[in-house]
Amino acid sequence: MVKQLTDNPHGQFTAEDYTVFVVMLSVSAAIGIYFGFFEGKKNKTTEDYLLGGRNMKVFPIAVSLIASQLSGVSIMSVPAEMYSYGAQYWIIAPTMIAIVMIINYIFVPVFYNNQITNCYQYLEDRFSPAVKKFVTFTYVLNIYLILPVFIFIPSLAFAQVTGINIHLINGIVCCVCIFYTMLGGIKAVVWTDVVQGMIMFASCFLVVAIGVVKIGGFGEVFTRAATGDRLNIFNLTFDASTRQTFWTASIGNVFLWTGYLGLNQSCVQRMVAVPSIRHARSALWIFCAGFIIITSLNCFTGIVIFAKYFDCDPIKVNLVQKADKLLPFYVQDVAGNLKGMPGVFISCVFSAGLSTMSANLNSLAGIIYEDYIRPFKLFKHTDSSANRTMKILILFSGLYCIVMGLVVEQFGHILQMVVTIASVTQGAVMGIFCLGMLWPWANKHGALWGSAASVIGMSWIITGAQFAIRNGDLSYPPKPTSVEGCAEYGFNVTQSILVQTSSTMTSDSGFSIYKMSFVWYSTVGTFLVFLIGIPVSYFTGSQDLSRMHAKLISPLVHRWLPNEITKNELVLKSSKVNSEDIHIKECVFATTEQQKNKDLDNSNGHVL
């Protein structure tokens, strides 16, 4: 009689599991009903629908940022990354401290000083309408490419543990997300994120704790992981073709995540939904702490999974088709005998996917309405007509995600795919905002040509890389796994047949730009904007600083602006905070005429 590899070989999803899952979806729908109907009178204006009246609380916004940015892709693919390639990716967790500092002190002051609600409006104010239209188009295109992935991944997990058709569950859950996002606007999105964020944290913690106990403690987990070379987080090689190194996980992810978090409309929309810049910064620091905790849990989950199957890889014995399906298999294995626990995990993955999808649907509807529908004046603009139009846009965008699930199903490694798709435009977005805020001499010609060169250049590099992958010239073989212990589980396999190499590339033809690690794509795209944008600005006549509005430039570089510009525009104004916090002041900008009016009306105003 042979041992069983899993404690729950049949992978049954019990009535308790279905109950937990249905309760999670029902709570999300109920929040949408509440804000859509019972709070309807407070949600009539466009500002209420998109920004919650700019009076949202700090903690819900912070949790919403955590839930929406840590998508189902993170919950499912980060453990798969750890299992296959080791712990190098974890460096992104402490790196988030630097990322939040950059956002808080470069981008957030500019957005608040200009009363930005649509972050791409800044590009029109700083450069020209053409620049805004180009970057907005790249954002919309990017979201439509990547959004179906975010909700399809949870469906993948559900199908793995239940056997239900993946497209059926994808359609059902998408419809729930469309429902509450349409009805409740940003308030429903934020408060469902809070509920879903709590589910995510609890589930991640329980999955790790149960696994560690069943393996025999932390010592055994780390011993097995070290034996399998899964704990090296300081690969300091400068080889740009290596999939993950210390430099890609730190420097590369700074460019990727700064653009994704600080310059993504769905995130900016949350930052400006709180009363003041002080509240926005506090929300981002809370997000930072939550991100580090949940990302660390996700990474450690991958190490625990490797320790569980260190002598018999489920992928090699065909119990799991690919690494991205390992986590639901593992949960069903170690916790399948605990009533409701698999349901909690599936709720966690769906919570992450729903949070990301709802956040993007809400911001996408606002962008499309303001930039592509309202300018044509097809109907009289009112808050009621605007809200109705945005709800229709959310409906059609959600239905599109359901249909695109048929395409996403054919993709390979999910984390690599998501980063690759995002990087086509992420570098251009990061570069053009930094060019505008940090290089006062940049003009509209440099911005437009720089961002266009970045998108074209990255499209060329990424397309070449995809052809290299298809032809077998580029691959990232995972670290070796063992099948030595599979015989005692009844599997007739041999290690010699199934062992894989741990080299990074399959081709020895030397370095090529197409072999560059996908983590560097956003970094290269950002530098392309500066490489083209600065010379073009110089040769077409640099921006006249005497006509520059200081509020459009990050405070970090004000020292290079003419003194008369900053003195005429910069005024101090009391924060919109509680009376006990009234001593806190913030820098905001106003025109000279506005300053005179404020001096007459507000005795608290002081000219610097």
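Look up: the structure comes first, before these words.
Residues numbered from 1 in each chain as written. Predicted model: local features only at pLDDT ≥ 70, side-chain atom pairs only at ≥ 80, totals over all residues. Heavy atoms only, no water.

Draft legend 1. Expanded view of a nonpolar patch on the surface. A contiguous nonpolar surface patch, about 470 Å² in accessible area, is contributed by Ile97, Met101, Tyr105, Trp285 and Leu556. For the nonpolar patch, the element with the most residues is helix H5 (residues 92-113), which contributes 3 residues. Along the polypeptide, Tyr105 turns up in helix H5. In this structure Tyr105 comes out as partly exposed when scored by relative accessible area, which is 40%. (Patch = residues over 30% accessible without salt bridge, like charges linked within 9 Å, V, L, I, M, F, W, Y side chains within 5 Å. Areas by Shrake-Rupley, 256 points an atom, 1.4 Å probe, with all protein chains shown as cover. Salt bridge = Lys/Arg side-chain N within 4 Å of Asp/Glu carboxyl O. Helix = DSSP H or I, 4+ residues; strand = E, 2+ residues; numbered from the N terminus. Buried < 20%, exposed > 50% of the residue type's maximum accessible area, 1.4 Å probe, protein only.)

Draft legend 2. Examining the packing of helix H12 (residues 277-308) against helix H13 (residues 326-335) more closely. At a closest axis distance of 11 Å, the pairing of H12 and H13 adopts a crossing angle of 65 degrees. Between H12 and H13 lies a crossing whose hand is left-handed. Contacts between H12 and H13 involve Thr301, Val304, Ile305 and Lys308 from the first element and Leu327, Tyr330, Asp333 and Val334 from the second. Taken together, the residues of the contact of H12 with H13 sort by class into 5 nonpolar, 1 polar and 2 charged. (Axes fitted to C-alpha atoms, helices over the stretch in contact; angles between N-to-C directions. Left-handed = near helix turned anticlockwise from the far one by under 90°. Contact = heavy atoms within 4.5 Å. Nonpolar A, V, L, I, M, F, W, Y, C, P; charged D, E, K, R; others polar.)

Draft legend 3. Looking closely at unusual backbone geometry. Although it is not a glycine, Asp229 adopts a positive phi angle of roughly 60 degrees. Here Asp229 lies in the loop between helix H9 (218-227) and helix H10 (246-262). Of the residues examined, Asp229 reaches a relative accessible area of 40% and is grouped as partly exposed.

Draft legend 4. Summary view of the pattern of salt bridges. As enumerated under the stated definition, the model contains 7 salt bridges in all. A salt bridge links Glu124 to Lys132, with the nearest nitrogen and oxygen atoms 3.8 Å apart. Here Asp333 makes a salt bridge to Lys308, at a shortest N to O gap of 3.3 Å. Taken as a pair, Asp333 in helix H13 and Lys308 in helix H12 lie far apart in primary sequence, 25 residues in all. Judged by its relative accessible area of 1%, Asp333 is buried.

Draft legend 5. Broad picture of the nonpolar core. Residues Phe21, Met96, Phe107, Phe111, Leu123, Tyr330 and Phe433 are the most contacted members of the largest nonpolar core, which totals 144 residues. Excluding residues that lie within four positions of it along the chain, Leu123 makes contacts with Ser128, Val131, Lys132, Val135, Ile432 and Phe433. Within the second largest apolar cluster, 14 residues are counted, among which are Tyr85, Ile461, Ala465 and Val519. (Core = buried A, V, L, I, M, F, W, Y, C linked by side-chain atoms within 4.5 Å.)

Draft legend 6. Structural view of the packing of aromatic side chains. According to the stated counting rule, one finds 19 aromatic pairs in the structure shown. Look at Tyr122 and Phe433: their rings are 5.8 Å apart centre to centre, the planes differ by 20 degrees, and that puts the pair in the stacked class. Linking Tyr122 in helix H6 (residues 121-126) with Phe433 in helix H16 (residues 414-438), this pair joins segments that are 311 residues apart in sequence. What makes Phe433 buried here is its relative accessible area of 0%. Here the aromatic rings of Trp257 and Tyr260 are separated by 5.4 Å at their centres, their planes lie at 85 degrees, and the arrangement is edge-to-face. (Phe/Tyr/Trp six-rings, centres within 6.5 Å; stacked < 30°, edge-to-face > 60°.)

Draft legend 7. Structural detail: the packing of H5 against H12. Put simply, H5 and H12 touch, their axes get as near as 10 Å, and they point 160 degrees apart. On the basis of the axis angle, H5 is roughly antiparallel to H12. In the packing of H5 onto H12, the handedness of the crossing is right-handed. Contact residues: H5 offers Ile92, Ala93, Met96, Ile97, Val100, Met101, Ile103, Asn104, Tyr105, Val108, Pro109 and Tyr112, while H12 offers Ile277, Ala280, Arg281, Leu284, Trp285, Phe287, Cys288, Phe291, Ile292, Thr295 and Ser296. Partitioned by chemical class, the residues of the contact of H5 with H12 number 19 nonpolar, 3 polar and 1 charged. (Parallel < 35°, antiparallel > 145°, perpendicular 65-115°, else oblique.)

Draft legend 8. Focus on empty space enclosed by the protein. Taken as a whole and assessed by the stated rule, the structure comprises 3 cavities of 30 Å³ or more. By volume, the second largest cavity amounts to about 60 Å³. As for the second largest cavity, its lining consists of Ile75, Pro79, Ser203, Cys204, Val207, Asn298, Thr301, Leu327, Phe345 and Cys348. Counting only elements with at least two residues in the lining of the second largest cavity, the list comes to helix H4 (72-85), helix H8 (166-215), H12 and helix H14 (341-373). The greatest single-element share of the lining of the second largest cavity, amounting to 3 residues, is contributed by H8. Across the lining of the second largest cavity, the residue classes tally to 7 nonpolar, 3 polar and no charged. (1 Å grid on protein atoms, 1.4 Å probe; cavity = no way out; pocket = protein on both sides within 12 Å on 5 of 7 lines; lining within 4 Å. Points joined across faces, edges and corners; volume = space filled by probe spheres on them.)

Draft legend 9. Molecular detail of the environment of Tyr521. Relative to the elements of secondary structure, Tyr521 occurs in helix H19 (residues 521-539). With 63 residues separating them along the chain, Tyr521 and Met458 place their C-alpha atoms 7.1 Å apart. Sequence-distant contacts of Tyr521, defined by excluding residues within four places in its chain, comprise Thr420, Ser423, Met458, Ile461, Ile462, Ala465 and Met516.

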